[in-house]
Amino acid sequence: MPMIRRSGRIDNLPLWRVGDRHKDPVTGFIPVGLAVETGLFWLLRDAMQAAMAPADGGAWAARVNDPPPPEALREALERTGHWGAFDAAHPTHPCWQVRPKTWTGSAEKEPILALLPDTATGEAHKNGADVFASPGDGAVLLPCAVALLVWANTVFPTGGGGYYNPSFGDSALKYMLRADTLWRSLWLNVLPADSPGMDAADWPAPCNERTWPWLHEKLRGMDLGKAEKGEEIGVAEADVHPAAPQMPRRYLLGGITEAACALTGVHGPCADGLHRWPHGLAYRFDPKLDARRCWSVAMRGKKEPDTERVELDVPLKTAATMRFDDWLEGTLPSDENRQKKSPISPAPILRVLSLERQKLRLGRRDGGTALGGRASALSVTAIGRVASGKAAGGFETRSLPYYADLSDEALIDLALEVREAVEIAVQAGDALKAQVESALKRELDGRGAPGKQAAAAKDAHRARLEETVVRYHADLAAVLDGEDEAEERDERQALLDRLRRQACTTALDIFDDLLPVADDPLRGPSRAKARAELLKRLPWCKSVQQKREAA
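Residues numbered from 1 in each chain as written. Predicted model: local features only at pLDDT ≥ 70, side-chain atom pairs only at ≥ 80, totals over all residues. Heavy atoms only, no water.

Novice: Is there a simple way to think about the sheet that holds strand E10 (residues 273-277) in this case?
Specialist: Each strand in a sheet pairs with another by means of backbone hydrogen bonds, the pair being arranged parallel or else antiparallel. Taken together, three strands build an open sheet; the order of strands is E4-E10-E7 and the sheet is antiparallel. Two strands in the sheet have a free side with no partner beyond their single neighbour: strand E4 (110-111) and strand E7 (250-254). As judged from the two bridges shared by E4 and E10, these two strands associate in the antiparallel manner. By the bridge assignment for E10, Pro111 is matched with Gly273. (Pairing = 2+ DSSP bridges. Helix = DSSP H or I, 4+ residues; strand = E, 2+ residues; numbered from the N terminus.)

Novice: Before we go on, may I ask you to explain the pattern of salt bridges in this structure?
Specialist: Should the charged atoms of two oppositely charged side chains come close, the side chains can pair. This structure, assessed with the given rule, holds 23 salt bridges. Arg17 is the salt-bridge partner of Asp20, the closest N and O atoms lying 2.5 Å from each other. By relative accessible area, which is 27% here, Arg17 ends up partly exposed. Close ionic contact of Glu488 with Arg492 constitutes a salt bridge, the shortest N to O distance being 2.6 Å. Of this pair, Glu488 and Arg492 both sit in helix H11 (residues 485-514), four residues apart, roughly one helical turn. There is no split in this pair, since Glu488 and Arg492 are both buried. In this structure, a network of salt bridges that share partners links the residues Asp413, Glu417, Glu488 and Arg492. (Salt bridge = Lys/Arg side-chain N within 4 Å of Asp/Glu carboxyl O. Buried < 20%, exposed > 50% of the residue type's maximum accessible area, 1.4 Å probe, protein only.)

Novice: Just to check I follow, could you spell out the pairing of E7 for this structure?
Specialist: Along a regular strand, successive side chains alternate from one face of the sheet to the other. Taken across its five residues, E7 has five buried, putting it largely inside the fold. Here E7 shows a buried face lined by Arg250, Leu252 and Gly254 and a second buried face lined by Tyr251 and Leu253. Direction of pairing for E7 relative to E10: antiparallel, over a ladder of five bridges. Paired with Tyr251 across the two strands is Arg276, which belongs to E10.

Novice: Just checking my understanding: could you explain the packing of aromatic side chains for this structure?
Specialist: We describe a pair of aromatic rings using the distance from one ring centre to the other and the angle between the two ring planes. Evaluated as defined, the whole model comprises ten aromatic pairs. On the numbers, 5.1 Å between centres and 40° between planes, the contact of Trp42 with Trp295 is tilted. One end of the pair, Trp42, is in helix H1 (residues 34-52); the other, Trp295, is in the loop between strand E11 (281-283) and strand E12 (298-299), with 253 residues separating them in the sequence. Trp295 shares its class with Trp42; the two are buried. Ring centres of Phe86 and Trp214 lie 6.4 Å apart, and the angle between their planes is 50°; this geometry places the pair in the tilted category. Here the residue Phe86 occupies a position in the loop between helix H4 (82-85) and E4, and Trp214 occupies one in the loop between helix H6 (182-187) and strand E6 (233-235), the gap between them amounting to 128 residues. Summarising the burial analysis for this pair, Phe86 and Trp214 share the class buried. Site record: aromatic cluster; members linked through ring pairs are Phe86, Trp96, Trp151, Trp212 and Trp214. (Phe/Tyr/Trp six-rings, centres within 6.5 Å; stacked < 30°, edge-to-face > 60°.)

Novice: Can you help me understand the environment of Asp202 in this one?
Specialist: Mapped onto the elements, Asp202 comes out in the loop between H6 and E6. Sequence separation between Asp202 and Pro242 is 40 residues; the distance between their C-alpha atoms is 9.3 Å. Other than its neighbours up to four places away in sequence, Asp202 contacts Arg210 and His241. (Contact = heavy atoms within 4.5 Å.)

Here's what the structure looks like:
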């Protein structure tokens, strides 16, 4: 594979060379597209998790800065037979596919472009207007590229319709640790074998249907019709290895021909479409408890995001799909004794890092800074899958540094205070939404949809405030662990007050843009009343609120 070294040089290397102890180490793959890169990263991480899970946290930490030599990594992977399971063109058990024993072509072949998400585009892929439609109707993909696309999507639990059905809320967000080299990035996401829910499993993982579901022999003999609800194979939690991905639907690539892959440009046997059948492995346990939980936060009381986006009649900043109130809190560590103060428990990979980070503060072999130092590239990346109708519309990412050199107490304070800041920002947006809806209800008198416009106003508030909230995270980390406690306390309060003011003034600005008071004599008094109520409901800092009340 073409891999990028720190110097920018590109080398074609086998995957077991990712941990080369080289003065110019491998830092990543050649960019092909976020979905493919994500699938490749998770695929290689899954292979490492299955074949060489560390015994405990100590073994995990020791390996971060001491990768195995290429021959040892290759032997570990090949000894357990995992690479054979990843053959996307296997004659009987192709990776992520099911090749039926008997088949009369009962499933309609769908265009291969339907598997190529990038950004949310509604139903555009159905009429050829999708962002990936530019290669033309005859676009084809290598089977390995298809496997990576499906791999990236299966990490996200679905709502019951297979890989085309998007997930929402916490299930649509995953967290990934990244470092300065590809080896460190991959290994930081591998869980120790003694982690909760994994300690009773066989390690290395067996190379059979318990680990890689497409090896399940019974799938090949199932009926291919869409109406046979009983045609599925029940799978109990005990029958699935903790390192296994899930495969609730059956797919098969079709139309294999020698051509150039539209994604990679590589010439080879490519597919121009795929067949899919609605039933397959039926998992008899909560999908949020499967192996994908290593990247998932545990959330309580988190509402599903509003997927309807309605443009207002005033210019507002274009809103991204992932916002700070979706992803920021999940990047931070937590303390069990303070857990009740927050609705979020971080993903297992972050909890392992939080427990073992002191062991990671080692000098790099290549002479760089310590892995846990503030000058390092250790970071947490949030990946969100967004919807495009019933399909996965694409992936978005956000990243924050992980300040592993802060003390335990400072890290906990950082988590708690950032969560408080997020709540302040959300509270301001909720107040804005309520008062916009209240004012519009009186003005529209049942002739419009005030709820949609109010939701869009809140959406715009979050979009405008994201930079402020993320900057607060970095500024707060810079003042923690100071020598002067009183000075540190004052600086922390000043940062929080600044964020409060920004959250409140941004809400007022959006309200005034949408519902100006002075320019409309007829509706002005009603709008002024809603604006006055908004002023009361906004979470001003005490000093500002006292001045406003006095005025």
